[in-house]
Amino acid sequence: MRVHRRVQTCSNSPNERGLDSCLPPITTYHDNSFHYNTKSTMGVMEKIKEIEAEMARTQKNKATNYHLGTLKAKLAKLRNDLLIEQGGGGGGGPSEGFDVARLGDARVALIGFPSVGKSTLQGSLTGTESEAAAYEFTTLTCIPGTMHYKGSKVQVLDLPGIIEGAAHGKGRGREVIACARNADAILIVLDAGKEGLNRHREILENELETVGIRLNQRPPDVTFKKKTTGGVRFSSTVPLTKLGPEPEKLATQIMREYRITSADLLAREDITVDQLVDVIVGNRVYKPCCYFYNKIDTITIEEVDQLARMPHSLVGSVAKGYNVGAPDEDDPLKAMIWKYLGLTRVYTKRKGQHPDLTDPVVLSAIRKGTSVKSLCQNVSTQMLRDFNFALVWGKSAKHSPQRCGINHDLQDEDVVQIVTKTNAQQRQSKNYQAIVQGVSDKYHKKKFDAKKKKQSKLRG
C-alpha cells in the first residue's frame, strides 16, 4: 500500500478560508488490489441492476416469455459470479461459516434481524443460557443448544442477526447463510411489531433466495445431464405451458448463457423458467422453513389474526409464554419444528421380548430417509449386511405383524423387529468368503495387538 503525502491548505484571510478551515487535513490512500476488486464488483452490481430494471419494464406475456427467461438466466449467472468473487470459492454460495459440530438427530438454524428475540427463544427451547440485551447485535457468533422433544435431540443454532444485503457479505451475513445451507430446517424469527412497516419476511426470503436457498419448495422433477458432444436434446412427458410457445429454444438459450452446448434434459412436470435455471445451475438447496412472529403482545388482536393466517407461520411471545413453553414442556412451536423436520420415532424389538419404548431410534426424512434400510444403517452396518426381513407393527403395517423388505417406509411410533440371515443363508451369498476373511483378519489383528501389549508391559 502506498500513502500519499498529507495535503493541507490554509489562507491568511478568515473569509477566504471559510468552512474549509474547520475541516481536518485530508489523507488519501491508494491500494491497487482493493481498487481492482471494488471496480470489478461494482461492474457486476451495475449489470445486475440494469437487468432487474429491464425485467421490471418488460411486460409479461407469451411474446416476451423468451426474453424474460434469457434475462433471468443472465441474472442468476451474474449473482453466482458475484458470490464466488466475494467469497473466494465455488459452489454458488458462501464457502465459510461458523465451526459447529453436528450433533443430534436434526439441526435447526434461527435466522432473523437483530433484536427480534432469537437468543431468548433458544433459551426457551433448549435451556441454553445466551446473552440477551435491549441493544442490537448482542449475539456475535453461533451458539448451539439441544432441544429434547419426543425422545429426539434437535440441535438449535442461535445465529447473529442479519441485515439487508447479507447475501453479498454485509454484517456477518455470509457466515450465517453458510450455516443455513447446512441446516436441516430454518426457523425465521420475526418481530410482530415491526413486520407491518419493514417487510422483514420478504427481505429475508430474498436474501436466502439470492444465494440459492429455496424455502418450502421441492426439487423439480427434471433430469439434466451434461455431455461432451451431441448437442442439446430436450424432451418432456407433460405439456410445458410456463416456458412459452418454444420451450426447447428457451432451454437452449439458457444453457448457452452457462456455456453448455451438449446436454440431455427431460422434464416430467410443468416447470417455470426459474425452476429450469435452478436445474441447470445445479447448486440449489431446498429447505423446509417455518416462521415465528415474536412479541405479539405489542400489537392489536386484528394484526395478530392477520399474521397467524400467513403460510407456514406461528405467532407467539417468548416473554409472555404464548405458544412457547419451558424446555421440558410440550408447546405448539416445538410441535411445528418437529413437523417441518420430518422426524419419525421407531422402536426396536428383540425376538421373544417386549419392545423398548423408552429409547426410540429417530429417523429423518431429510437426511437418510425413514425406510427399514435407514433404520439398519442407524443401528449397525452389520445388521444391514445380514438383513433377511423385518416384522413391523404400527401405522405403516397393513396387519400386525407384517413381513416387510428393506425398502418399506416406516411411520411414527412403529415397532420393528429385524430378522437376520441364518448361517446357511449367509454361506450362499456371493461375498461370504470375503466376509469370513475380513472377520478372521480382524480377530487375529486384535489377538496380536493384545499379545504385543502384554509383552511390552512385562518388559517395562
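Residues numbered from 1 in each chain as written. Predicted model: local features only at pLDDT ≥ 70, side-chain atom pairs only at ≥ 80, totals over all residues. Heavy atoms only, no water.

*Asks:* Can you walk me through the pattern of salt bridges in this structure?
*Replies:* Where charged atoms from two side chains of opposite charge come close, those side chains can pair. Enumeration over the complete set of coordinates arrives at 17 salt bridges. The shortest N-O distance in the salt bridge between Arg284 and Asp278 comes to 3.0 Å. Here Arg284 falls in the buried class, since its relative accessible area comes to 16%. In this structure, Arg345 and Asp412 form a salt bridge, with 3.0 Å as the shortest nitrogen-oxygen distance. Of this pair, Arg345 sits in strand S14 (residues 343–348) while Asp412 sits in the loop between strand S17 (402–404) and strand S18 (414–420), and the two are 67 residues apart along the sequence. By relative accessible area, Arg345 is classed as buried at 10%. Several salt bridges share partner residues, and in doing so they unite Arg102, Asp184 and Arg367 into one network. (Salt bridge = Lys/Arg side-chain N within 4 Å of Asp/Glu carboxyl O. Buried < 20%, exposed > 50% of the residue type's maximum accessible area, 1.4 Å probe, protein only. Helix = DSSP H or I, 4+ residues; strand = E, 2+ residues; numbered from the N terminus.)

*Asks:* Is there a simple way to think about the layout of surface pockets in this case?
*Replies:* Rolled over the atoms, a probe with the dimensions of a water molecule shows which regions are left empty. What the second largest pocket holds in volume is close to 350 Å³. Forming the walls of the second largest pocket are 15 residues, and the residues nearest its centre are Lys349, Arg350, Lys351, Gln417 and Ile418. Those elements that provide at least two residues to the lining of the second largest pocket are helix H12 (372–379) and S18. Broken down by element, the lining of the second largest pocket gets its largest block of residues, five residues, from S18. For the lining of the second largest pocket, the per-class residue count stands at six nonpolar, five polar and four charged. (1 Å grid on protein atoms, 1.4 Å probe; cavity = no way out; pocket = protein on both sides within 12 Å on 5 of 7 lines; lining within 4 Å. Points joined across faces, edges and corners; volume = space filled by probe spheres on them. Nonpolar A, V, L, I, M, F, W, Y, C, P; charged D, E, K, R; others polar.)

*Asks:* Before we go on, may I ask you to explain the sheet that holds strand S8 (residues 222–226) in this structure?
*Replies:* The strands making up a sheet associate through backbone hydrogen bonding, with each pair oriented either parallel or antiparallel. Taken in spatial order, the three strands line up as S8-S10-S9 in an open sheet, and their pairing is mixed. For this open sheet the edge positions go to S8 and strand S9 (232–236), each flanked by a neighbour on one side alone. Averaged over all adjacent pairs, the angle separating strand axes in this sheet is 5 degrees, with direction ignored. Note that S8 and strand S10 (residues 263–267) share five bridges and pair antiparallel. Within S10, the position partnered with Lys226 by the bridge is Ala263. (Pairing = 2+ DSSP bridges. Axes fitted to C-alpha atoms, helices over the stretch in contact; angles between N-to-C directions.)

*Asks:* When you look at the sheet that holds S18 in this model, what are you seeing that I'm missing?
*Replies:* The five strands are arranged S15-S14-S18-S16-S17 in an open sheet whose pairing can be described as mixed. Each having just a single partner strand, strand S15 (361–364) and S17 make up the two edges of the open sheet. The average undirected angle you get between the axes of adjacent strands in this sheet is 35 degrees.

*Asks:* Would you mind going over the packing of helix H4 (residues 118–126) against helix H11 (residues 332–341) with me for this structure?
*Replies:* Geometry of a packed helix pair, given as the angle between the helix axes and the separation of the axes. Running from N to C, H4 and H11 point in directions that differ by 85 degrees, and their axes come no closer than 11 Å. It follows from the interaxial angle that H4 and H11 lie roughly perpendicular. Between H4, through Leu121, Ser124 and Leu125, and H11, the contact on the second element is made entirely by Leu333, Lys334 and Ile337. (Parallel < 35°, antiparallel > 145°, perpendicular 65-115°, else oblique. Contact = heavy atoms within 4.5 Å.)

*Asks:* Is there a simple way to think about the nonpolar core in this case?
*Replies:* The nonpolar side chains of a soluble globular protein tend to be buried, and buried together. One finds Leu121, Ile186, Leu187, Ile188, Ile213, Phe292 and Leu333 to be the most contacted residues of the largest nonpolar core, which totals 58 residues. If near-sequence neighbours (up to four positions away) are discounted, Leu121 is found in contact with Leu187, Val189, Phe292, Val318, Val324 and Leu333. By size, the runner-up hydrophobic cluster in this structure holds 22 residues, among which are Phe234, Ile271, Val273 and Val277. (Core = buried A, V, L, I, M, F, W, Y, C linked by side-chain atoms within 4.5 Å.)

*Asks:* Looking at this structure, I do not really get the confidence of the model for the chain. What am I missing?
*Replies:* Any segment with low pLDDT has predicted coordinates that should not be analysed in fine detail. Per-residue confidence for the chain gives a mean pLDDT of 82; residues scoring 70 or more make up 82%. When pLDDT is averaged over each helix and strand of the chain, the minimum, 39, is found for strand S2 (residues 29–30) and the maximum, 96, for strand S12 (residues 289–294). Across residues 1–39, confidence stays below pLDDT 50; counting only partners more than four residues off in sequence or on other chains, it has 20 contacts. Across residues 88–95, confidence stays below pLDDT 50; counting only partners more than four residues off in sequence or on other chains, it has 18 contacts. (pLDDT = per-residue confidence, 0-100.)

*Asks:* Help me understand the packing of aromatic side chains, please; the structure alone is not making it clear to me.
*Replies:* Each aromatic ring pair is described using two quantities: the centre-to-centre distance and the angle formed by the ring planes. Scanning the model with the defined rule gives one aromatic pair in all. Taken together, a centroid distance of 5.9 Å and an interplanar angle of 70 degrees make the contact between Tyr149 and Trp338 edge-to-face. Taken as a pair, Tyr149 in strand S4 (residues 143–149) and Trp338 in helix H11 lie far apart in primary sequence, 189 residues in all. If you follow Arg201 out to its NZ or CZ, it ends over the ring of Tyr291, 3.6 Å from the centre. Positioned over the ring face of Phe389 is Arg403, at 3.8 Å from the centre of the ring. (Phe/Tyr/Trp six-rings, centres within 6.5 Å; stacked < 30°, edge-to-face > 60°. Lys NZ or Arg CZ within 6 Å of the ring centre and 35° of its normal.)

*Asks:* Would you mind going over the environment of Leu187 with me for this structure?
*Replies:* Summarising the element assignment, Leu187 is placed in strand S6 (residues 185–191). Residue class for Leu187 comes out buried when judged on its relative accessible area of 1%. Residues Leu187 and Val156 lie 31 residues apart in sequence; the distance between their C-alpha atoms is 9.5 Å. Those residues in contact with Leu187 that lie beyond four places of it in its chain are Val108, Ala109, Leu110, Ile111, Leu121, Cys290, Phe292, Leu333 and Ile337.

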